[in-house]
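Working through the structure, step by step
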Amino acid sequence: MNPTIIPIKPNSEKYRIVGKGITVEFLSQFINDTAWTIERICENYDLTPAEIYSAWAFYYDHQEEIDQRLAKTKTQDETYLDDSRHQRNKLESQHKTDD
């Protein structure tokens, strides 16, 4: 087990950096983002390069599981946004008919 990454806690689905609360899922989104260098990530999230590289190594070792969870979260977020837009449009239509 990687000492930088803690196992999933009860009532959570995410792996986190020990003592930081930053998730591996979150850091995995920076892997191919050239705008976010290791130095920039370290400065913005109070991490060491070793913690970032450990998280990325952990991500690659568990990529299928983590990518599935990210896709599920994205789908849930999109569904929530669609539902919110539908509800807003419904309320706006009701408001217009009340005028």
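Residues numbered from 1 in each chain as written. Predicted model: local features only at pLDDT ≥ 70, side-chain atom pairs only at ≥ 80, totals over all residues. Heavy atoms only, no water.

**Details of helix α2 (residues 38-45)**
For the record, the criterion: The classification of residues rests on relative accessible area computed with a 1.4 Å probe and restricted to protein chains. Under 20% of the type maximum is buried, over 50% is exposed, and intermediate values are partly exposed. Secondary structure follows DSSP: runs of H or I at least 4 residues long count as helices, runs of E at least 2 residues long count as strands, and numbering of each begins at the N terminus. Read the arc as the range of directions from the helix axis to the C-beta atoms. Two residues form a contact once any of their heavy atoms are found within 4.5 Å.
Residues of α2 that are buried include every one of Ile 38, Ile 41 and Cys 42, and no others. Down the axis, α2 shows its buried residues gathered within 100 degrees of arc, on one side only. Turned more than 90 degrees from where α2 packs its buried face, Glu 39 and Glu 43 sit exposed. Buried residues in α2 make contact with α1 (24-28) and α3 (49-61). Looking one or two residues beyond α2, the residue adopting positive phi is Asp 46, at roughly 50 degrees.

**Considerations on the confidence of the model for the protein**
How we decide: pLDDT expresses, on a scale from 0 to 100, how confident the predictor is about each individual residue.
Averaged over every residue, the pLDDT of the protein is 84; residues scoring 70 or more account for 83%. The weakest mean pLDDT in the protein belongs to strand β1 (residues 5-6) at 70; the strongest belongs to α2 at 97.

**Describing the packing of aromatic side chains**
Applied cut-off: Aromatic pairing here means that ring centres of Phe, Tyr or Trp (its six-membered ring) are within 6.5 Å. Orientation follows from the plane angle: under 30 degrees is stacked, over 60 is edge-to-face, and everything else is tilted.
Throughout the structure, instances matching the rule amount to eight aromatic pairs. For the pair Phe 30 and Tyr 45, a centre-to-centre distance of 6.1 Å together with 40 degrees between the ring planes defines the contact as tilted. Of this pair, Phe 30 sits in the loop between α1 and α2 while Tyr 45 sits in helix α2, and the two are 15 residues apart along the sequence. A relative accessible area of 26% places Tyr 45 in the partly exposed class.

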